[in-house]
Amino acid sequence: YSELSLIIELYNIPESYSINSYIALLIQFSNITVLCYALIPKAYKTQSFIIGTTFGILLFSFINIVIMAFTFDNLTNIPTNGHNHYYNLCLLLTTFGTATCDCMTSVLFYTFVAWYPTRYISVLSAGEAMSGL
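Residues numbered from 1 in each chain as written. Predicted model: local features only at pLDDT ≥ 70, side-chain atom pairs only at ≥ 80, totals over all residues. Heavy atoms only, no water.

A.B. asks: Is there a simple way to explain the overall build of the protein in this structure?
C.D. replies: If you tally the helices and strands in the protein, you get six helices and two strands. The helix and strand sequence of the protein, counted from the amino end, reads α-α-α-α-β-β-α-α. Relative to the globule expectation of 14 Å for 133 residues, the C-alpha radius of gyration of the protein, 18 Å, shows a markedly less compact shape. Across its three principal directions, the C-alpha atoms of the protein cover 60 × 30 × 20 Å. Looking at the protein as a whole, 25% of its 133 residues qualify as buried. Pairs at least 24 apart in sequence give 56% of the contacts found in the protein among residues at least 6 apart. For the protein, the computed accessible surface area is about 8,800 Å², with 68% contributed by carbon and sulfur atoms. (Helix = DSSP H or I, 4+ residues; strand = E, 2+ residues; numbered from the N terminus. Rg over C-alpha atoms; globule rule 2.2 N^0.38 Å. Buried < 20%, exposed > 50% of the residue type's maximum accessible area, 1.4 Å probe, protein only. Contact = heavy atoms within 4.5 Å. Areas by Shrake-Rupley, 256 points an atom, 1.4 Å probe, with all protein chains shown as cover.)

A.B. asks: Help me understand the pairing of strand β2 (residues 83-87), please; the structure alone is not making it clear to me.
C.D. replies: On a regular strand, each side chain points to the face opposite its neighbour's, so the side chains alternate between the two faces of the sheet. For strand β1 (residues 76-80) and β2, the ladder comprises five bridges, and the chain directions are antiparallel. Among the inter-strand pairings, Pro-79 is bridged to a residue of β2, identified as Asn-84. Taken together, β1 and the strand that follows it, β2, pair antiparallel across an intervening segment of two residues, in which Asn-81 is found at a positive phi of about 50°. (Pairing = 2+ DSSP bridges.)

A.B. asks: For this particular structure, what's the right way to read the nonpolar core?
C.D. replies: Grouped burial of nonpolar side chains is what soluble globular proteins tend to show. In this structure, Leu-4, Ile-8, Ile-13, Ile-19, Ile-23, Leu-26, Met-68, Phe-72, Leu-91 and Leu-92 together form the largest nonpolar core, which totals 10 residues. Only α1 (4-11), α2 (19-29) and α5 (89-113) provide two or more residues apiece to this core. Ranked by size, the runner-up nonpolar core spans six residues in total, among them Ile-50, Ile-57, Met-104 and Leu-108. (Core = buried A, V, L, I, M, F, W, Y, C linked by side-chain atoms within 4.5 Å.)

A.B. asks: Looking at this model, I keep getting lost on the environment of Leu-26. Mind explaining?
C.D. replies: With respect to the secondary-structure elements, Leu-26 resides in helix α2. Along the sequence, Leu-26 and Glu-3 sit 23 residues apart, while their C-alpha atoms lie 18 Å from each other. Setting aside chain neighbours within four positions, we find Leu-26 in contact with Leu-92 and Phe-96.

A.B. asks: I tried to follow the packing of aromatic side chains on my own but got confused; where do I start?
C.D. replies: Applying the stated criterion across every chain yields a total of zero aromatic pairs. Stacked on the ring of Tyr-37, the Lys or Arg Lys-45 has its end atom at 4.4 Å from the ring centre. (Phe/Tyr/Trp six-rings, centres within 6.5 Å; stacked < 30°, edge-to-face > 60°. Lys NZ or Arg CZ within 6 Å of the ring centre and 35° of its normal.)

Below is the structure:
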């Protein structure tokens, strides 16, 4: 998203620079999926469930990124009060999808790596810390 200002200028996104605020809100709303995952009873969180959920999140993230790559500049007409307003719903929805995956991977990967020796957890922690830079 460091190139978002360039996308705004080149593709004339109708939200203009307010799309940054929309994306920030969507990323915050995507944290609700971590809460939903936390509400799943521990009895259901078996090894096969966690592995399946991890691969499902990775597949969902891949699909979102591919869709975003081809549809980020598509506009959707939403008529309100007799006026036509265009919004970049594809970019916003795929951003929500990828943010959901990003929030869930931190929760799932630590559970997944906990089955391995502790040195793997420290490598995952270092990688997560470096990705934030």
